[in-house]
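# A look at the structure
One letter stands for each residue in the lines below.
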Amino acid sequence: MFCSSGTQRRKPTRKCRSSRRGWKVLDAGCGYGWYTRWFQQQGAAAQGCDGSQAMLELARENAPGCQFDRADLQATLPYPAATFDLVFCNQVLMDVGDI
């Protein structure tokens, strides 16, 4: 995991891990939205994306204040560059065939 600070990327520091208020966070491969909701509870503007419509429906129920989009993680994501301060991806990459 890396944190973004302007144009620099660095390994996470205690401050980076603990201060998410005001951050824009993408939960890539969000599944049912547990981490998306968690980031929202930490003060981030959290958004999730997943390739499964069924998982997105569960995510919308579990984290109603967050936006969720259908997206293929093996393709270009439908967001402009530098949209997010943090892209979080947990328990997903082992299911992505060609990264």
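Located above this text is the structure these notes cover.
Quick caveat, the model's predicted, so the values are computed rather than measured. In this numbering scheme, every chain counts its residues from 1 along its sequence in written order. Local features in this predicted model are restricted to residues whose pLDDT is 70 or higher, and side-chain atom pairs enter the listing and the counts only when it is 80 or higher, whereas totals over whole chains, interfaces and linings include all residues. In computing side-chain properties, one takes all heavy atoms of the structure into account and sets aside hydrogens as well as water.

## Topic: the state of the cysteines
Pairs of cysteine sulfur atoms within 2.5 Å are identified as disulfides in what follows. Under the counting rule described, the total for this entry stands at zero disulfides. Cys49 forms no disulfide, and the closest cysteine sulfur to it belongs to Cys30, at a distance of 6.4 Å. No disulfide involves Cys89; its sulfur sits 8.2 Å from that of Cys49, the nearest cysteine. Accessible area is worked out with a 1.4 Å probe on protein chains only. A residue is then buried under 20% of its type maximum, exposed over 50%, and partly exposed in between. For Cys89, a relative accessible area of 33% corresponds to the partly exposed category.

## Regarding the sheet that holds strand 4 (residues 45-50)
By definition, two strands form a pair when at least two bridges between them are found by DSSP. A run of H or I in DSSP counts as a helix once it spans at least four residues, and a run of E counts as a strand once it spans at least two, with each numbered from the N terminus. Spatial strand order, 5-4-3-6: four strands in an open sheet with parallel pairing. With partners counted over all chains shown, the strands left at the sheet margins are strand 5 (67-70) and strand 6 (86-88), one partner each. Across the sheet, the mean angle separating the axes of adjacent strands is 20° when strand polarity is ignored. Taken together, the five bridges between strand 3 (residues 24-28) and strand 4 define a ladder with parallel strand orientation. Paired with Lys24 across the bridge in strand 4 is Ala45. Along the sheet, helix 2 (residues 34-41) contacts strand 3, strand 4, strand 5 and strand 6; its crossing angle with strand 4, the most-contacted strand, is approximately 170°. Taken strand by strand, helix 3 (residues 53-62) contacts strand 4 and strand 5, and its axis lies near 175° from that of strand 5. Note on geometry: axes are C-alpha line fits, over the in-contact stretch for helices, and angles between N-to-C directions span 0 to 180 degrees. Here a residue-residue contact requires only that any non-hydrogen atoms of the pair lie within 4.5 Å.

## Quick word on the environment of Gln74
Inspection of the secondary structure assignment puts Gln74 in the loop between strand 5 and strand 6. Its relative accessible area of 47% is what places Gln74 among the partly exposed residues. Taking the C-alpha atoms as reference points, Gln74 and Asp98, 24 residues apart in sequence, are found 6.9 Å from one another.

## A word on the pairing of strand 3
Judged by how many residues are buried, strand 3 sits mostly within the fold: four of five residues are covered. Viewed with both strands pointing away, a crossover whose connecting path from the first strand over the helix to the second turns clockwise is right-handed. For the crossover from strand 3 across helix 2 to strand 4, the handedness is right-handed. In terms of strand pairing, strand 3 meets strand 6 through three bridges, oriented parallel. By the bridge assignment for strand 6, Leu26 is matched with Val87.

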